[in-house]
Amino acid sequence: MSHHIIEVDRLRHVYPDGTEALRDISFSITHGESVAVIGANGAGKSTLLLHLNGHLSPSSGEIRIGHVPIDKATLPKVRRTVGMVFQDPDDQLFMPTVYEDVAFGPLNLGMSGEELERCVSGALQRVEAEHLARKAPYRLSTGEKKRVAIATVLSMTPDILVLDEPTNGLDPHARRQLITLLKEFHHSKIVTSHDLDMVLEVCERTIILNGGVVRADGPTVDIFRDDALLRECRLEKPLSMQGCPVCGGKGK
Amino acid sequence: MGSIAGALLDLKRLDQLAAGDSAVHRLDARAKVLATLVFIVSVISFGRYELSGLIPFFIFPAVLIAIGQLPAGYLAAKIILVCPFAVAVGIFNPFFDRGVLVHLGPLGISGGWISCVSIVVRTVLTVGAALILAAVTGFPAICRALERLGMPNVFVMQLLFLYRYLFVLTEEGGRASRARELRSFGRRGLNLSSYASLLGHLLLRTWQRAERIHMSMLARGYDGVMPVGHTSRFGVAEMLFLLIWSSLCILLRLNNGAQFIGTLVTGILS
Ligand SMILES: Nc1ncnc2c1ncn2[C@@H]1O[C@H](COP(=O)(O)OP(=O)(O)O)[C@@H](O)[C@H]1O
Ligand SMILES: [Mg+2]
């Protein structure tokens, strides 16, 4: 299935105020890959993600989803292909109840009746949130909000899942639940995060952004072994790879 | 900020009540919205000196509270909250309108006092009706009902968003205000400029949030028209409810209910 392929080609983005958030980004992601985009605050991660389903358009360069460049004509299809989970779930849950929120996308796609019902409950089931269907979003905990936000995207059956800092602000249990969930998806995935332990578990490949360019791109384990590289990009080895401070045991 | 947060907590309580499951809860929201409208119009269309005619209208809130199993004390407390406004509106009437209208033995009651009390009673009735509507229907369902009754989609969306983000916004506002207080070390004084910047900040954040919400709507195929979900039916129960309710309202409006009941009772007794 070719439309799982994302190609980013010499992407550059300058915000209206003159900030050059992305300078020259190129990479491609193939079917079923799970890729982390990491980097310090302000490295341009969110800016990059917003290009992937056409919320920002490149100042120069091009993005292709399944070999088709993103433009006005292909935008509706691209947005269906690329499911975007935003950083703040409050931005994503805007309907009065969880059910209506998850149904929002499918309704826009023209689903109704039995099919809609199945689609919504299926999506809620996958994130273990069926019991929340009738609740109002403001009554949910952060972890529940995050899971439901993912369900709102899953209900549109995207081919590629894009998540901006999914584990941000979660307690250990909710975080673990989310990681298990992410590992179960066999979509192509792009995840940004500062939670490098999560990255290590979920993504086999990592791209480091630094100052608007791709500083490194390779297998996650190799990248996390490169101390000099991490330090240069203001990152720190995931805890699970550091030596144990108590027993002095060596990390992986 | 504390009081606003408290008021919002109460909004959430109303929402919780709306999740109940009684005969009135189950009715289609349109029937309840229309019936409430009829009720409110009947109440406010009475002449300014009318008082006895208003009293029988208390039957409606009483019946709905009973059937809907609503906490009467809580609703009464909410209604009392708005009473000062009604008193403020009516309080000058006694001074301007001194013509004696009613004689209670040696005591002459002026038209001003009567119209003042009438304003308060009407406020209690209409605010009570609106609160009860919210408590047995829920705000989102009311919006949807208004849409199906012909209100433009754009207004409905506005109302829904307002409702949804009121909570988020007040939380943000509460946090910002707390942060300000913590750093002003108890100096209350004329800190207008810091309030202004706080407000500006909130406005900016609201704007940014609106942009992000719009983005996430677009990401899910939004094209300017809010999709309509599953719909409930306007059936026989709704028809009956609306019919009985509004004919009673109109009857009580056209004939003075208190007198009517009075003559009925004396008629039976004699
Ligand atoms: N709307 C905007 N207008 C101007 N500059 C922005 C805007 N959004 C982000 N930036 C700037 O672009 C850079 C990259 O931001 P962002 O993509 O949000 O980084 P990250 O998500 O990696 O923390 C930062 O320097 C930031 O200040
Ligand atoms: Mg970011």
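To start, this report covers the structure provided alongside it. (Residues numbered from 1 in each chain as written. Chains lettered and ligands numbered in written order. Predicted model: local features only at pLDDT ≥ 70, side-chain atom pairs only at ≥ 80, totals over all residues. Heavy atoms only, no water.)

### Some details on the overall build of chain B
The helix and strand inventory of chain B stands at 12 helices and 2 strands. Mapped in sequence order, the helices and strands of chain B form the string α-α-α-α-α-α-β-β-α-α-α-α-α-α. A burial count over chain B gives 39% of its 270 residues as buried. The contacts in chain B between residues at least 6 apart in sequence include a share of 75% that link residues at least 24 apart. Total accessible area computed for chain B in this model is approximately 15500 Å², and 71% of it derives from carbon and sulfur atoms. (Helix = DSSP H or I, 4+ residues; strand = E, 2+ residues; numbered from the N terminus. Buried < 20%, exposed > 50% of the residue type's maximum accessible area, 1.4 Å probe, protein only. Contact = heavy atoms within 4.5 Å. Areas by Shrake-Rupley, 256 points an atom, 1.4 Å probe, with all protein chains shown as cover.)

### Considering the overall build of chain A
Scanning chain A from terminus to terminus reveals 10 helices and 10 strands. If one aligns the C-alpha atoms of chain A with their principal axes, the spans along those axes are about 55 × 50 × 35 Å. Looking at chain A as a whole, 57% of its 252 residues are labelled buried. Considering only contacts within chain A whose residues lie at least 6 apart along the sequence, 63% involve residues at least 24 apart. Counting only carbon and sulfur atoms, one obtains 50% of the accessible surface of chain A, whose full area is about 10900 Å². Charge separation in chain A, taken as the distance between the mean sites of 29 positive and 34 negative side-chain charges, equals 2 Å. (Lys, Arg positive; Asp, Glu negative; His and termini not counted. Charge placed at Lys NZ, Arg CZ, Asp CG, Glu CD.)

### Thoughts on the pattern of salt bridges
All names here are of chain A. What the rule picks out here adds up to 22 salt bridges over all chains. One salt bridge in this structure joins Arg-64 and Glu-7, with 3.5 Å as the shortest N-O distance. Taken as a pair, Arg-64 in strand β4 (residues 60-65) and Glu-7 in strand β1 (residues 6-14) lie far apart in primary sequence, 57 residues in all. Its relative accessible area of 18% is what places Glu-7 among the buried residues. Two residues, Asp-227 and Lys-237, come together in a salt bridge whose shortest N-O distance is 3.6 Å. Taken together, the residues Asp-227 in helix α10 (residues 227-232) and Lys-237 in the segment after α10 connect sequence positions 10 residues apart. It is possible to trace a salt-bridge network through shared partners that takes in Glu-7, Asp-9, Glu-62 and Arg-64. (Salt bridge = Lys/Arg side-chain N within 4 Å of Asp/Glu carboxyl O.)

### Quick word on the interface of chain A and chain B
The extent of an interface is frequently quoted as the accessible surface area lost upon association of the parts. In this assembly, 26 residues from chain A lie in contact with 29 residues from chain B. For the pair chain A and chain B, the summed buried area comes to about 2500 Å², and 58% of that belongs to carbon and sulfur atoms. Its largest share of buried area at the contact with chain B, chain A owes to Asp-91, Phe-94 and Tyr-138 of chain A, together 28% of the area lost on that side. Summed over the shared surface of chain A and chain B, the result is 5 salt bridges. With its nearest N and O atoms 2.7 Å apart, the salt bridge here joins Glu-100 of chain A to Arg-144 of chain B. Our count for the contact surface shared by chain A and chain B stands at 11 residue pairs in polar contact (both at pLDDT 80 or more). Those elements that place two or more of their residues in the side of chain A that touches chain B are α3 (89-92) and α4 (98-108) of chain A. Examining the composition of the side of chain A that touches chain B, we find that 7 residues originate from one element, α4 of chain A, more than from any other. (Buried area = accessible area lost by both parts, 1.4 Å probe. Polar contact = N/O pair within 3.5 Å; in protein donor to acceptor, adjacent residues only side chain to side chain.)

### Quick notes on the packing of helix α5 (residues 72-90) of chain B against helix α7 (residues 111-137) of chain B
Residues and elements named next belong to chain B. The contact between α5 and α7 brings their axes to 9 Å, and the two run at 145°. Handedness of the crossing formed by α5 with α7: right-handed. Between α5 and α7, the contacting residues are Leu-75, Lys-78, Ile-79, Val-82, Cys-83, Ala-86, Val-87, Val-89 and Gly-90 on the first element and Cys-116, Ile-119, Val-120, Thr-123, Val-124, Val-127, Gly-128, Leu-131 and Ile-132 on the second. Of the residues contributing to the contact of α5 with α7, the split by class is 14 nonpolar, 3 polar and 1 charged. (Axes fitted to C-alpha atoms, helices over the stretch in contact; angles between N-to-C directions. Left-handed = near helix turned anticlockwise from the far one by under 90°. Nonpolar A, V, L, I, M, F, W, Y, C, P; charged D, E, K, R; others polar.)

### Some words on the packing of aromatic side chains
Applying the stated criterion to the full structure yields 11 aromatic pairs over all chains. Considering the side-chain rings of Phe-104 of chain A and Tyr-222 of chain B, the 6.1 Å spacing of their centres and the 25° angle between planes classify their relative orientation as stacked. On the criterion of chain membership, the pair formed by Phe-104 of chain A in helix α4 and Tyr-222 of chain B in the loop between α10 (192-219) and α11 (236-254) is interchain, its members lying in two chains. Taken as a pair, Phe-104 of chain A and Tyr-222 of chain B share a single burial class, namely buried. (Phe/Tyr/Trp six-rings, centres within 6.5 Å; stacked < 30°, edge-to-face > 60°.)

### Focus: the site of ligand 1
Residues and elements named next belong to chain A. Looking at ligand 1, the residues that line it are Tyr-15, Asp-17, Thr-19, Ala-21, Ala-40, Asn-41, Gly-42, Ala-43, Gly-44, Lys-45, Ser-46 and Thr-47. Between ligand 1 and Ala-43, the relevant distance is 3.3 Å, taken from an oxygen atom to a main-chain nitrogen or oxygen of the residue. Among the elements that take part in the shell around ligand 1, helix α1 (residues 45-52) stands out by supplying 3 residues, more than any other. Looking at the shell around ligand 1 residue by residue, the class counts come to 4 nonpolar, 6 polar and 2 charged. (Near = heavy atom within 4 Å.)

### A few points about the environment of Tyr-165 of chain B
Within the fold, Tyr-165 of chain B resides in helix α9 (residues 153-184). Sequence separation between Tyr-165 of chain B and Arg-209 of chain B is 44 residues, and the spatial gap between their C-alpha atoms is 9.6 Å. Here Tyr-165 of chain B is in contact with Asp-90, Asp-91, Leu-93 and Phe-94 of chain A together with Arg-209 and Ile-213 of chain B, once residues within four sequence places are set aside. At 3.5 Å, the side chain of Tyr-165 of chain B and the backbone oxygen of Leu-93 of chain A are in polar contact.

### Quick look at the nonpolar core
Core analysis: the biggest nonpolar cluster contains 51 residues, and Ile-38, Val-102, Leu-124, Val-148, Ile-150, Ile-208 and Phe-224 of chain A have the highest contact counts within it. With 6 residues, the top contributor of residues to this core is helix α6 (residues 142-154) of chain A. Once residues within four sequence positions are removed from consideration, Leu-124 of chain A is found in contact with Val-98, Val-102, Ala-129, Glu-130, Ala-133 and Ala-151 of chain A. Residues Leu-54, Ala-135, Val-136 and Leu-242 of chain B belong to the second largest nonpolar core, which totals 35 residues. (Core = buried A, V, L, I, M, F, W, Y, C linked by side-chain atoms within 4.5 Å.)

### With respect to the side chain of Ser-193 of chain A
Residues and elements named next belong to chain A. For Ser-193, the position within the fold is in the loop between β8 (188-192) and α8 (196-202). At 2.8 Å, the side chain of Ser-193 and the backbone nitrogen of Asp-195 are in polar contact. Ignoring any residue separated from it by four or fewer positions in sequence, one finds Ser-193 in contact with Val-37, Ile-38, Glu-165, Thr-167, Met-198 and Val-199.

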